[in-house]
Amino acid sequence: MNSEQRPDIARLVISCPDQHGIVAAVSELIFDIGGNIITLDQYSTGVENGQFFQRTVFHLPGFAQRRQTVQQEVEERLAKRFSMEFHLTAADEPKRVAIFASKTDHCLLDLLWRHRRGDLPMDISMVVSNHPDLESDVRRFGIDFLHIPVDRDNKDAAEAEHLKLLRGKVDLVVLARYMQILSPYFLAEVGVPIINIHHSFLPAFIGAGPYQKAKDRGVKLIGATAHYVTEDLDEGPIIEQDVIRVSHADDVAQLTRFGADVERAVLSRAVKWHCEDRVIRHGSTTIVF
Ligand SMILES: Nc1nc2c(c(=O)[nH]1)N[C@@H](CN(C=O)c1ccc(C(=O)N[C@@H](CCC(=O)O)C(=O)O)cc1)CN2
């Protein structure tokens, strides 16, 4: 448990057109309600017609009981005045997460292992897979495993089953090398963010088989990219990336092995940062505090 996960710790994440007085107004509101700012990070895309972003973590005695009142205070004193989008969360309230996987295990197992160690501030509600291969591994962590086969003839029905499992029950979906393209309907209906790990340093090598493409191109670096999922395959807002050096002597199998370590680390960092409300989407990009 990190320092932020104590009770009575609130997180306020805001986004609004940049203008005078935002930081003062946020600080004044927190002061007026008896809060004490622990960390405050901010960024503006520019003083001329820019967009302002801020993540404030503050201690507020009795926040759990006062959350609704604080929400209304923010609405009335900040959101209306600054045309602000915001969300107010409790640091000790873990996100409910569903993980989707196929046959490849390293990203899934890394998330389960880090979660069991207490390194990921989330509750894993379930693992869903289109293959049965990983069931025993998942159940060993005491987590529900739902095998929902998917093929080109049953994709709509499978996604309908997914939505029944997810709607209103999770705050985040993580694709841990889940090898099915999600339909626009599913993306519109699921109602929560989806994070995917792509096994290349995007925008290079979008789509299937990136390690073969990397070998064919003779790259000296391979990488992995965690991004939010959109209708445009592997083109959603990037959350985290990393790379590793490779050489001409490495075949695709070796690239795949080297790449797996990068994929695991990148996905886990992205999931952790999302669960800590550190990631703000801004068009096709993200701000990560
Ligand atoms: N709507 C989106 N869905 C998914 C995304 C995304 O960005 N938007 N990312 C992919 C992950 N992915 C690469 O990282 C990927 C997965 C699967 C495929 C693909 O061609 N799948 C085939 C089926 C393959 C199979 O059955 O083995 C398909 O869905 O028809 C390409 C890229 C996850 N989903």
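Residues numbered from 1 in each chain as written. Predicted model: local features only at pLDDT ≥ 70, side-chain atom pairs only at ≥ 80, totals over all residues. Heavy atoms only, no water.

- As named in an unreviewed UniProt entry, the protein is Formyltetrahydrofolate deformylase, taken from Nesterenkonia natronophila.
- According to its UniProt record, the protein has this under Catalytic activity (unreviewed entry): "(6R)-10-formyltetrahydrofolate + H2O = (6S)-5,6,7,8-tetrahydrofolate + formate + H(+)".
- In its Sequence similarities (unreviewed entry) section, UniProt records this for the protein: "Belongs to the PurU family." (UniProt positions renumbered as here; feature names shortened; annotations may be inferred.)

Considerations on the domain arrangement of the protein
Then, number 1: The domain boundaries assigned to the protein delineate domain 1 (3-90) and domain 2 (95-288).
Then, number 2: Taken over C-alpha atoms, the centre of domain 1 sits 31 Å from the centre of domain 2.
Then, number 3: Contacts between the two partners involve 13 residues from domain 1, matched on the other side by 8 residues from domain 2.
Then, number 4: Taking both partners together, domain 1 and domain 2 bury about 840 Å²; carbon and sulfur atoms supply 59% of that area.
Then, number 5: Across the domain 1-domain 2 interface, the total number found is 1 salt bridge.
Then, number 6: A salt bridge links D277 to R11; its shortest N-O distance comes to 2.9 Å.
Then, number 7: Between the two partners, domain 1 and domain 2, sit 5 residue pairs in polar contact (both at pLDDT 80 or more).
Then, number 8: For the side of domain 1 that touches domain 2, the secondary-structure elements that each account for two or more residues are β1 (9-17), β3 (51-59) and β4 (85-90).
Then, number 9: Counting residues per element, the side of domain 1 that touches domain 2 draws most heavily on β3, at 4 residues.
Then, number 10: Classifying every residue of the side of domain 1 that touches domain 2 gives 4 nonpolar, 6 polar and 3 charged. (Domains from an automatic or database assignment. Contact = heavy atoms within 4.5 Å. Buried area = accessible area lost by both parts, 1.4 Å probe. Salt bridge = Lys/Arg side-chain N within 4 Å of Asp/Glu carboxyl O. Polar contact = N/O pair within 3.5 Å; in protein donor to acceptor, adjacent residues only side chain to side chain. Helix = DSSP H or I, 4+ residues; strand = E, 2+ residues; numbered from the N terminus. Nonpolar A, V, L, I, M, F, W, Y, C, P; charged D, E, K, R; others polar.)

Describing the UniProt feature "active site" (unreviewed entry) in the protein
Then, number 1: The UniProt record annotates "active site" (unreviewed entry) at D234.
Then, number 2: Inspection of the secondary structure assignment puts D234 in the loop between β10 (221-228) and β11 (238-245).
Then, number 3: Look past the residues within four positions of D234 in its chain and what remains in contact with it is N196, H198, L202, I206, G207 and H227.
Then, number 4: Only 3.4 Å separates the side chain of D234 from the side chain of H198, close enough to count as a polar contact.

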